[in-house]
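Residue strings, one per chain:
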Amino acid sequence: MPIHVVILAAGQGKRMMSDLPKVAHMAAGRTLIGWVLEAVRPLQPASTVVVVGHGAEQVVSHLPIGVVPAVQEEQLGTGHATRVGLDSLEDVGPEDTIMVLYGDMPLLTHDLLERLADRSDDVAARMVTSVFEDPTGYGRVIRDDDGLVVEVIEERDSDDVQRAIGEINAGAYAFRAKDLIDALGAVSNENAQGEYYLTDVIGILVGRGERLEPVETTPDEVIGINSQDQLTEARHLLQARTNQRLMESGVWMLDPDRTYVDDTVTVQAGARLYPGVHLEGNTTVAAGAQVGPDVFAVDSSIGAGATVWYAVLRGAVVGEGCEVGPYASLRPGTVLEKGAKVGTFVETKNTTLGEGAKAPHLTYLGDATVGARTNIGAGSITVNYDGYEKHPTVIGDDAFIGSDSMLIAPLTIGDRAVTGAGSAITRDVDADALALERSEQVEIPGYSQRRAERQAAKKTED
Ligand code: UD1
Ligand code: CA
């Protein structure tokens, strides 16, 4: 039977106290809605609709191709939102499954959705429930004396006895299409919030003699995000899941509680992650690499056996066996080839260091190409910007850039060339040449003796 998925995400999320629409908040590498879509994906639904409203443009920008947005102009409740979603579904057969999920449930797992989608026991509706120690804010599941679900009561419409019930409605349902469509038509907005509640569908179906099957799960799969502290709790749980998955696959972590890896990141077995590591976006870490302590890397790759510590990497490629840090900043367009080294207080941008090239201390390299095995002495910088334009510096293989060289671009320095320490190099240097740019040193013999005499004379004057 085809499955169609409707995800409700039109609410503002007032309780988040944020301008960002609720489902666009990030947790452990994905937006809240992104996590829900990830859990849905393996179901291979015939169609997926996301109902948007508040911050619609922002939410839509996070939707993958093939997921259809439907705009709910006014947020009249989850029942109304579901109706808007249904209007955008195409080719729905009466016996098809319609799964309705809320976009603020990032902890949903694919396994749970598989259980929810299971139609072996054909009922009008299935609904995820869980028993919470503190059910405050959630709709409560009301069962009859035989333990059968009869309805869901929102907290604001509940009495004291109902409020004491720990079993909550998680906000994930699978309906037989015709039953959902029929029952939605009967939902009214006569309740504490004046909204059309999707949850009323449950009571309506049961009232018609249909059976409702609860799918029970643990709280950590279904917490709904309504506030910043719940977002933090969700982030924590999601990160723990990712770290667990990585450790099971053979990644070493000194302290998983202080290791922050986006779900979108790839870390190979045998990599070692130290505390304070943040790996984000499209980052990859190869086997045998040591990353951290204290590394922030986004959209970067770290090669096999490389060591990167106390460093910031943005759009950088660190090759096999490279060393980076402590205290290095690799900006976009940085490429370190095999065995290259970028050391302490070094910044690079749009720069390639060839195999085995080294910039060990206090250097800025921008718009530069550095040949294999070339050494960049401490304090040297490429002067790549004249206030108007950026200019390139090209240095050949096996060159030796003396300490504190100012390489004033555009500039080409040949293979095996040497620049003298403290030189401001403004013209190209041929292969094998030494370029020096220094005023001659002056030496005044016996100077300190004369200085001491002058100081003594001054003292007697005083
Ligand atoms: C809802 C359920 C409650 C359940 C809880 C689980 C209803 C009436 N109540 O309450 O039983 O325990 O979720 O977390 O369904 N939305 C729209 N359009 C609207 C209203 C809401 O798209 O007009 C979306 C929201 O963006 C959100 C989701 O529906 O993603 C749920 O809405 P929310 O306001 O968070 O519902 P709760 O009060 O948490
Ligand atoms: Ca909610």
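Here is what the cut-offs are and how they apply
Each residue is numbered by its place in its chain's sequence as written, counting from 1. Chains and ligands are labelled by the order in which they are written, letters from A for the one and numbers from 1 for the other. Per-residue local features of the predicted model are confined to residues with pLDDT of at least 70, and side-chain atom pairs are confined, for both listing and counting, to 80 or more; whole-chain, interface and lining totals are unaffected and use all residues. Side-chain numbers here rest on the full set of heavy atoms in the structure, without hydrogens or water. In this listing, donors mean N, O and S atoms no farther than 2.8 Å from the metal, or 3.2 Å for Na, K and Ca; water is missing from the atoms, so a site can look incomplete. Numbering of helices and strands starts at the N terminus; helices are DSSP runs of H or I of at least 4 residues and strands are runs of E of at least 2. Here the term buried applies to any residue with accessible area under 20% of the maximum for its type, exposed to any over 50%, and partly exposed to those in between, with areas from a 1.4 Å probe on protein chains only. To obtain each axis, a line is fitted to C-alpha atoms, and for helices this fit is confined to the stretch in contact; angles are then taken between N-to-C directions over 0 to 180 degrees. For this classification, under 35 degrees means roughly parallel, over 145 means roughly antiparallel, 65 to 115 means roughly perpendicular, and everything else is oblique. Working rule for contacts: check all heavy atoms of both residues, and any pair within 4.5 Å makes them a contact. Throughout, the arc means the angular range of directions from the helix axis out to the C-beta atoms. The cutoff for a nearby residue is simple: one of its non-hydrogen atoms must lie within 4 Å of the molecule or strand. By the criterion applied in these results, polar contacts are pairs of N or O atoms within 3.5 Å in which, for protein atoms, one can donate a hydrogen and the other can accept it, and in which residues neighboring in sequence qualify only through two side-chain atoms. Under the grouping applied here, Gly and all other residues not named as nonpolar or charged are polar, the nonpolar ones being Ala, Val, Leu, Ile, Met, Phe, Trp, Tyr, Cys and Pro and the charged ones Asp, Glu, Lys and Arg. At least two DSSP bridges between two strands are required for those strands to pair. We define a nonpolar core as any set of buried Ala, Val, Leu, Ile, Met, Phe, Trp, Tyr and Cys residues linked to one another through side-chain atoms lying within 4.5 Å. Salt bridge, as applied in this entry: a Lys or Arg side-chain nitrogen positioned within 4 Å of an Asp or Glu carboxyl oxygen.

## Side note on the coordination of the calcium ion (ligand 2)
Each donor-metal-donor angle would ideally measure 109.5 degrees in four-coordinate tetrahedral geometry, or 90 or 180 degrees in six-coordinate octahedral geometry.
Thought 1: Surrounding the calcium ion (ligand 2) are the protein donor atoms Asp104 (OD) and Asn226 (OD1), at 2.6 to 2.8 Å. Of this pair, Asp104 sits in the loop between strand E6 (97-102) and helix H4 (110-117) while Asn226 sits in the loop between strand E11 (212-216) and helix H8 (228-248), and the two are 122 residues apart along the sequence. With respect to burial, Asp104 and Asn226 carry one shared label: buried.

## A few points about the packing of helix H6 (residues 177-185) against helix H7 (residues 200-207)
Thought 1: Orientation of H6 relative to H7, taken along the N-to-C sense of each, is 105 degrees, at an axis distance of 9 Å. Of the possible angle classes, the one that applies to H6 and H7 is roughly perpendicular. For the pair H6 and H7, contact is made by Asp179, Leu180, Ala183 and Leu184 and by Val201, Ile204 and Leu205, respectively.

## Overview of H7
Thought 1: Considered for burial, the residues of H7 that qualify are Val201, Ile202 and Leu205. Along the axis of H7, the buried residues cluster in a sector spanning 105 degrees; they form a single face.
Thought 2: Of the surrounding elements, those touching the buried residues of H7 are strand E7 (125-131), strand E9 (149-153), strand E10 (167-176), H6 and E11.

## Thoughts on the site of ligand 1
Thought 1: Gly11, Gln72, Tyr102, Glu154 and Asn169 are the nearest of the 23 residues found near ligand 1.
Thought 2: Interatomic distance of 3.3 Å between a backbone N/O atom of Leu76 and an oxygen atom of ligand 1.
Thought 3: Residue Asp104 places a side-chain N or O atom 3.3 Å away from an oxygen atom belonging to ligand 1.
Thought 4: At the level of secondary structure, the elements contributing two or more residues to the shell around ligand 1 comprise strand E1 (3-9), helix H3 (78-87) and E10.
Thought 5: Broken down by class, the residue content of the shell around ligand 1 amounts to nine nonpolar, 10 polar and four charged.

## Here's the deal with the pairing of E1
Thought 1: Counting buried positions along E1 gives seven out of seven residues, so the element sits mostly inside the fold.
Thought 2: Both faces of E1 are covered, namely the face carrying Ile3, Val5, Ile7 and Ala9 and the face carrying His4, Val6 and Leu8.
Thought 3: Direction of pairing for E1 relative to E6: parallel, over a ladder of six bridges. Directly across from Val5, in E6, lies its bridge partner Met99.
Thought 4: Where E1 lies against strand E4 (residues 47-52), six bridges are found, and the strand directions are parallel. Counted as the bridge partner of Val5 is Thr48 from E4.

## Focus: the nonpolar core
Thought 1: Counting 75 residues, the largest nonpolar core has Leu101 and Phe175 as the members making the most contacts within it.
Thought 2: The element best represented in this core is helix H1 (residues 32-40), accounting for seven residues.
Thought 3: Apart from the residues lying within four places of it in its own chain, the contact partners of Phe175 are Asp96, Thr97, Ile98, Val100, Ala124, Ala125, Leu180, Leu198, Val201, Ile202 and Leu205.
Thought 4: Membership of the second largest hydrophobic core comes to 46 residues, among which are Val265, Ala271, Ala311 and Leu365.

## Looking at the sheet that holds strand E26 (residues 335-336)
Thought 1: Reading across from one edge, E14-E17-E20-E23-E26-E28-E30-E33-E36 is the order of the nine strands in this open sheet, with parallel pairing throughout. Each edge of the open sheet carries a strand with a single partner, namely strand E14 (266-267) and strand E36 (411-413).

## Here we look at the pattern of salt bridges
Thought 1: Taken as a whole, this structure holds 21 salt bridges when the rule is applied.
Thought 2: As a salt-bridge pair, Glu167 and Arg143 come within 2.8 Å of each other at their nearest N and O atoms. You can see Glu167 sitting in strand E10 and its partner Arg143 sitting in strand E8 (residues 140-143), a full 24 residues away along the chain.
Thought 3: With a shortest N-O distance of 2.7 Å, Arg373 and Asp398 are connected by a salt bridge. In this pair, Arg373 is assigned in the loop between strand E30 (368-370) and strand E31 (375-376) and Asp398 in the loop between strand E33 (393-395) and strand E34 (400-401), connecting sequence segments 25 residues apart.
Thought 4: Using a relative accessible area of 49% as the deciding quantity, one classes Arg373 as partly exposed.

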